[in-house]
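# Structural overview for review
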Amino acid sequence: MASPAFLAMSRFRRRRYEECVDLCSEILAENPYDKAIWLLKTQALTAMTFIDDSDLEELGIADAVMDDNATASMPRPGTSLNGDNASGKGSSLDRVMRPMSNAGRPNSGFVRPSTQNGMRPGTGETPGSRAALESAMRKTGSSRPGTSRPVTALGRHVRLGTASMRAESDGPFIDVSRMDLQKYAHRPTLARALCEFLLYHDHNARKALELAAEATSACNFEDWFWKSRLGKCYYLLGLYRDAEQQFKSSLRTQQSVDTFLDLGKVYLRLDQPQNALDAYAQALEAFPGSTAVLTAKARTYEMMRDGDQSLRAFKDVLRHDPSHVEAIASLGAHYFYSDQPEIALRFYRRLLEITQSTESASGSARSYASTELWNNVALCCFHSGQYDMTMRCFENALASADDSNMADVWFNVGHVGVSLGDLGFAYQCFKVAVSIDPQHVEAYNNLGVLEVRKGNQEDAAADFAQARSAGSFAYEPCFNGALLAYKRGDFPTSLRLAEASRVLFSDHPETLELVEMLRAKLV
Amino acid sequence: MGPETNQENDTERARDGGAPAALQEVLPKTGLVFSERGNLSEILCKPKILPLKSATLLRMEDLDQKARELAQMQAKGAMS
């Protein structure tokens, strides 16, 4: 019979955290003052709820609307994340080729917490204005009920903290409000574990800040760890300038990849991507070939809509880590949208191989080999002429689809129908897509186009109008609506819609031609 | 009526002894180095590559899901 303490440590090392916590609780019930076991339990609880925070968090609605952290309200081109729609021209992020996500950004190959709902209100909307609020509300999830976007970024942390506290049946393990933090500050090992626990389990940034402030003064402001944790707390509380100072000071004492990434996050929140890139360049000097930093660099370029640089950085990532999922997915999407579906297919097939081998090794139910991946493989197969595989891949995708992505898969199946000329089949697919997601802009637009071809102009106009009201990120419904109104002789409506289309995509040649034709008629 | 049938009519007329009409050229609208835009037509939305979810996102969804299940179970326990 092994000693219970040894067994608990062994379970911790084998990542069987729940069993470890149970065993620790038993030992602590006998001897509540066993510091080693207390430390182990704290670490196990932290590991259970740990979330990788090296990437930007999702912005809450209030953050997106009231965001006045941006340093410049009218930034020079190339220095802000709020690029206009014209940028990205010539690269694979060009709007002609790449559709927009409902966050109003070019569709990327990989979705992260910060990109799933859109970053900030679009350009030209002053923070706090009605337009900004409306656009933020519209970008909430896919505007379907039930997807809960927190009001603020801290809100999500509070929610996760409550959830993890609720999970403990016999009250919270550590009651911070009753703790003497000063006492802990003088015990470095315990204090570090406690700080991580407060940050990642309780998500209580204020208490963590208190502890970190005590601890950093206890070690004469010389410990890089406490400075970086102070920065993290300031960052969570929204005090970005203080966070920047702490991170810089921490880096002067000891350089570390995490701190560089955190510093970059602060700059991105302040809408200063160039400073973030500088920080990453410094990090790469100290840690050449660090995939975390290279990925952060690639993401930043992508957020700035600099497709070529982002591509180069992602290729760099793959050179150092050939099974980096984000890089493979992003490159796959890039090649698909730059008209090389055969190469994209090779990337996605590689992903399938990776995920299948890791799946059989770890046995986890959730993995990347999902609806999305099968859908992408199917699209690449179809466009590279491997027609026999296409439908089978779509079947695989639909078999594992849920409400959040099934509509998109049916939309793509409909596309295959259109390309084959089987318009009846395509029509049915688009109908299924809008029955699953009544806010599916693209499916409504394509339905409208099919109605026009059938000669049902009234239905088509209704479909385009529905598509426009469901989302304002796509220019296609505006242009199609304008064209339809033009053909029916309703020039004022046509001009209004054509202008709307031009706002969304200023370089679209057909829109410009239509506007010119309308001007000639009206003036 | 396409350009080819036009041409045929012209040659027929010429054979019949009518006024020889000028031959109409057939010019292709697209070629290797040029293309001429036709009429405007409706545009379809492009096929959509679905972005894969990051591990962090999957983990957050998992945690959310677990928390929701736990809350439901506790609510049920409180009811009974």
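Starting from 1, residues in each chain are numbered consecutively following that chain's sequence as written. The order in which chains are written sets their letters, starting at A; the order in which ligands are written sets their numbers, starting at 1. Only residues with pLDDT of at least 70 get local features here, since the model is predicted, and only at 80 or more are side-chain atom pairs given and counted; chain-wide, interface and lining totals rely on the full set of residues. Side-chain numbers come from the whole structure's heavy atoms, not from hydrogens or water.

Under an unreviewed UniProt entry, the name given to chain B is BBSome-interacting protein 1, and the organism recorded is Hondaea fermentalgiana.

The name an unreviewed UniProt entry assigns to chain A is Tetratricopeptide repeat protein 8, from the organism Hondaea fermentalgiana.

## Examining the nonpolar core
Working definition of a nonpolar core: buried Ala, Val, Leu, Ile, Met, Phe, Trp, Tyr and Cys residues. They are joined through side-chain atoms within 4.5 Å. Buried, partly exposed and exposed residues are distinguished by accessible area as a fraction of the type maximum, computed with a 1.4 Å probe on protein chains only: under 20%, between the cut-offs, and over 50%, respectively. Residues W38, M179, L194, Y280, Y348, L351 and V377 of chain A are the most contacted members of the largest nonpolar core, which totals 108 residues. Residue contacts for Y280 of chain A: discarding those within four places in its chain leaves F260, L261, G264, K265, L268, V293, A296, K297 and T300 of chain A. M100, A426 and Y427 of chain A together with C45 of chain B belong to the second largest nonpolar core, which has 24 residues in total. What makes two residues a contact is simply this: any of their non-hydrogen atoms within 4.5 Å.

## Brief notes about the interface of chain B and chain A
Taken residue by residue, the interface counts 30 residues in chain B and 65 residues in chain A. When a carboxyl oxygen of Asp or Glu lies within 4 Å of a side-chain nitrogen of Lys or Arg, that pair is called a salt bridge. E42 of chain B serves as the salt-bridge partner of K487 of chain A, at 3.2 Å between the closest nitrogen and oxygen. Residues adjacent in sequence count toward polar contacts only when both atoms are side-chain atoms; beyond that, a polar contact is any pair of N or O atoms within 3.5 Å, and within protein one must be able to donate a hydrogen and the other to accept it. Along the contact surface separating chain B from chain A lie 16 residue pairs in polar contact (both at pLDDT 80 or more). Strands are runs of DSSP state E lasting at least two residues, helices are runs of H or I lasting at least four, and both sets are numbered from the N terminus onward. If you list the elements that add at least two residues to the side of chain B that touches chain A, you get β1 (52-53) and α2 (55-79) of chain B. If you tally residues by element for the side of chain B that touches chain A, the top one is α2 of chain B, at 14 residues. Put simply, Ala, Val, Leu, Ile, Met, Phe, Trp, Tyr, Cys and Pro go in the nonpolar bin, Asp, Glu, Lys and Arg in the charged bin, and everything else, Gly too, in the polar bin. Looking at the side of chain B that touches chain A residue by residue, the classes come out as 17 nonpolar, 4 polar and 9 charged. Any two strands are treated as partners once DSSP identifies two or more bridges connecting them. Relative to β1 of chain B, strand β1 (residues 110-111) of chain A runs parallel, the two being bridged by 2 bridges.

## Here's the deal with the environment of K248 of chain A
Residue and element names in this part refer to chain A. Note on placement: K248 falls in helix α11 (residues 240-253). Here K248 falls in the partly exposed class, since its relative accessible area comes to 36%. When sequence neighbours within four positions are dropped, the list of residues in contact with K248 reads L263 and Y267.

## Thoughts on the UniProt feature "repeat: TPR" (unreviewed entry) in chain A
Residues and elements named next belong to chain A. Following the UniProt record, the feature "repeat: TPR" (unreviewed entry) maps to residues 257-290, 325-358 and 407-440 here. Between the C-alpha atoms that bound residues 257-290 the distance is 8 Å, and the span itself is 79% helix and 0% strand. For residues 407-440, the end-to-end C-alpha separation is 7 Å, with 82% helix and 0% strand making up the annotated structure. UniProt positions are given in the numbering used here, feature names are shortened, and annotations may be inferred rather than shown by experiment.

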